[in-house]
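Chain and residue survey
Each chain, letter by letter, is given below.
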Amino acid sequence: MKYTRCLLLAGLTLTIAGATSLGAESPAREPFMGAYIHLPAWFRGTSDNAARERAIVENLDRFRDSGLRVLMPFVTTTSGQAEYPSQVIPDRVWGTWDPLAVMVREAHQRGLQVYPVVCVLACGHKQPGGILKTHPQWALRDKDGQPLGFISPGNPEARAWVVSMLKEIATTYQPDGILLDYCRFPGTERQMDPVAQARFEASHPADQFPPGSTQYNDQFVKFKRECLTELVGQISAELRALKPAPRIAVYMWGAHELKGTRDWRTWADRGYLDMLNHTGYSYREQYGEKYLTVLDERFRAAAEVLKEIDKPVEFTICVGISTSHGKIREAKELKDYLDIGRRHGVHGAAFFTWDTLQPYLPEVKEAGYLEQFTANVQPRPR
């Protein structure tokens, strides 16, 4: 099974100023303290469902004892598979067995919350997978016009399918929240799906917007941004209409995205979201000894944007322990990331992932890093 962001760094979810969902009241105002979870990592060496269920229970007991309170399991993969017995997604990792139902039931018995993480548009990497094997016409296109393993947010039928998948999760499991991952363009696309591309070209004739020109490229970025915003608006409207309604979170990379296609500022300002999950991926491998300065600047920039938003939203940072970008090597480094988030007004944290946290957790607990952090942040706003 392949995840991309699902393989991203072990992340910390730090929460800045935010209001609760328009449709869902946060059950508590204490800091958001959670961890991302790859379910297959819990089932290594187990061959039957009874053993897998015991693994879930054992992990949840350890999770509760760690002081964390929000489980964030990936429930879809970037290959387009479901990790629950979906009636919407054709490819199912565990067949008819339902690990998500077990997790939600056992988590709530322990006073824990669950935020399933969905890889919204990623569906097969370089080649179409999952639902795109049935509906390749929904895929974004490369420079040669060939379909990619990424769902186009500009295709009306594809958008409706995405919404139906999220509603299935929300209504079947009634989770406390849902985090939208891969709710973006991959960056390798050169065309939309055929329907959306035709719509763009009809409104931008070649004699006025020559393909490849600056005018054309600028308008194409704007068009893609609007398509993605429309999708997030549809998701929000449908999920907020549910009773109970889950809180809605989105993973994002920073203020620089606002110049591109992921306009999370507009999403937040329109009340589509309850939480922004900002990456904390910044490592010595990338930036040398200035890696924390780079991260601090990213959070400063994002915090400045949030000050201008009319509808406050929780702002979270995903700080990774071991990722394709780099990794943390000592438990005390986690405090550095937490401190940067706290300086810029965060209200909580979540580790990515629970499993990669384990080697450091004893020292983290002994040093009291989590307690120090939660004691010095503001409570989550209502």
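Parameters at a glance
- Residues numbered from 1 in each chain as written.
- Predicted model: local features only at pLDDT ≥ 70, side-chain atom pairs only at ≥ 80, totals over all residues.
- Heavy atoms only, no water.
- Helix = DSSP H or I, 4+ residues; strand = E, 2+ residues; numbered from the N terminus.
- Buried < 20%, exposed > 50% of the residue type's maximum accessible area, 1.4 Å probe, protein only.
- Polar contact = N/O pair within 3.5 Å; in protein donor to acceptor, adjacent residues only side chain to side chain.
- Disulfide = S-S within 2.5 Å.
- Pairing = 2+ DSSP bridges.
- Contact = heavy atoms within 4.5 Å.
- Axes fitted to C-alpha atoms, helices over the stretch in contact; angles between N-to-C directions.
- Phe/Tyr/Trp six-rings, centres within 6.5 Å; stacked < 30°, edge-to-face > 60°.
- Arc of directions from axis to C-beta.
- 1 Å grid on protein atoms, 1.4 Å probe; cavity = no way out; pocket = protein on both sides within 12 Å on 5 of 7 lines; lining within 4 Å.
- Points joined across faces, edges and corners; volume = space filled by probe spheres on them.
- Nonpolar A, V, L, I, M, F, W, Y, C, P; charged D, E, K, R; others polar.
- Parallel < 35°, antiparallel > 145°, perpendicular 65-115°, else oblique.
- Left-handed = near helix turned anticlockwise from the far one by under 90°.

**Details of the side chain of R247**
Looking at the element boundaries, R247 is found in strand β11 (residues 247–252). Residue R247 is classed as buried on the basis of its relative accessible area of 2%. Polar side-chain contacts of R247 include one of 3.0 Å to the side chain of Y115.

**Re the state of the cysteines**
On inspection of all chains with the given rule, the structure shows zero disulfides. Its sulfur unpaired, C123 is 10 Å from the next cysteine sulfur, which belongs to C119. With no disulfide of its own, C183 lies closest to C119 among cysteine sulfurs, the gap being 11 Å. With a relative accessible area of 0%, C183 lands in the buried category.

**Examining the pairing of β11**
A large share of β11 lies buried, amounting to six of its six residues. Across the two faces of β11 the burial is the same, with R247, A249 and Y251 and I248, V250 and M252 all buried. The pairing of strand β10 (residues 177–181) with β11 spans four bridges and is parallel. Within β11, the residue paired with L180 across the bridge is V250. Across four bridges, β11 lies against strand β12 (residues 275–279) in parallel orientation.

**Observations concerning the sheet that holds strand β13 (residues 314–320)**
Pairing is parallel in the open sheet, where nine strands are placed in the order β5-β2-β1-β14-β13-β12-β11-β10-β6. Every other strand in the sheet has two partners, leaving β5 (113–114) and β6 (117–119) as the edge strands with one partner each. Across five bridges, β12 lies against β13 in parallel orientation. Pairing of M275 across the sheet is with E314, part of β13. Against the sheet, helix α3 (residues 99–109) engages β1 (33–37), β2 (70–73) and β5, with an angle of about 175° to β2.

**Details of the packing of aromatic side chains**
Applying the stated criterion to the full structure yields 20 aromatic pairs. Look at Y84 and Y173: their rings are 5.9 Å apart centre to centre, the planes differ by 85°, and that puts the pair in the edge-to-face class. Here the residue Y84 occupies a position in the loop between β3 (81–82) and β4 (91–92), and Y173 occupies one in helix α5 (residues 156–173), the gap between them amounting to 89 residues. Comparing Y84 with Y173 shows no difference in burial state: the two are buried. On the numbers, 5.4 Å between centres and 85° between planes, the contact of F200 with Y216 is edge-to-face.

**Re helix α6 (residues 194–203)**
Within α6, the full set of buried residues consists of A196, Q197 and F200. What you see down the axis of α6 is that its buried residues fit within an arc of 100°, all on one side. Buried positions along α6 lie against α7 (214–240). With a side-chain oxygen positioned 3.0 Å from the backbone nitrogen of V195, the residue opening α6 is D193.

**Considering empty space enclosed by the protein**
One way to see where empty space is left: roll a probe the size of a water molecule over the atoms. A complete count under the given rule lists one cavity of 30 Å³ or more for this structure. Contributing to the lining of the largest cavity are 14 residues, with G80, I89, C119, C123 and W161 lying nearest its centre. Within the residue set of the lining of the largest cavity, elements represented by two or more residues are β7 (122–125) and α5. Classifying every residue of the lining of the largest cavity by side-chain character gives ten nonpolar, four polar and no charged.

**A word on the sheet that holds strand β9 (residues 147–151)**
Within a sheet, neighbouring strands are paired by backbone hydrogen bonds and run either parallel or antiparallel to one another. Here three strands make up an open sheet; going across it, the order is β7-β9-β8 and the pairing antiparallel. With one partner strand each, in any of the chains shown, β7 and β8 (139–141) form the two edges of the open sheet. Going from strand to strand, the sheet's axes swing by 40° on average, the running direction of each strand aside. With two bridges joining them, β7 and β9 adopt antiparallel strand pairing. Looking at β9, one finds that H125 is bridged to G149.

**Here's the deal with the environment of V120**
Tracing the backbone shows V120 in the loop between β6 and β7. Judged by relative accessible area, which is 1%, V120 ranks as buried.

**Let's talk about α3**
Think of an α-helix as turning once every 3.6 residues; residues three or four places apart then point the same way. For α3, the complete set of buried residues consists of P99, L100, V102, M103, V104, E106 and A107. Those residues of α3 hidden inside the fold are in contact with β1, α1 (39–42), α2 (49–66), β2, β5 and α5. If you check the start of α3, you find a side-chain oxygen 3.3 Å away from the backbone N of L100, and it comes from D98. One or two residues past the end of α3 sits G111, with phi positive at roughly 75°.

**Quick notes on the packing of helix α10 (residues 291–307) against helix α11 (residues 331–343)**
Relative orientation of the contacting elements α10 and α11 amounts to 25°, with a least axis distance of 9 Å. As summarised for this structure, α10 and α11 are arranged roughly parallel, according to the angle between their axes. In this structure, α10 meets α11 at a crossing whose hand is right-handed. Within the contact between the two elements, α10 uses Y291, L292, L295, D296 and F299 and α11 uses E333, D336, Y337, I340 and R343. Taken together, the residues that form the contact of α10 with α11 break down as six nonpolar, no polar and four charged.

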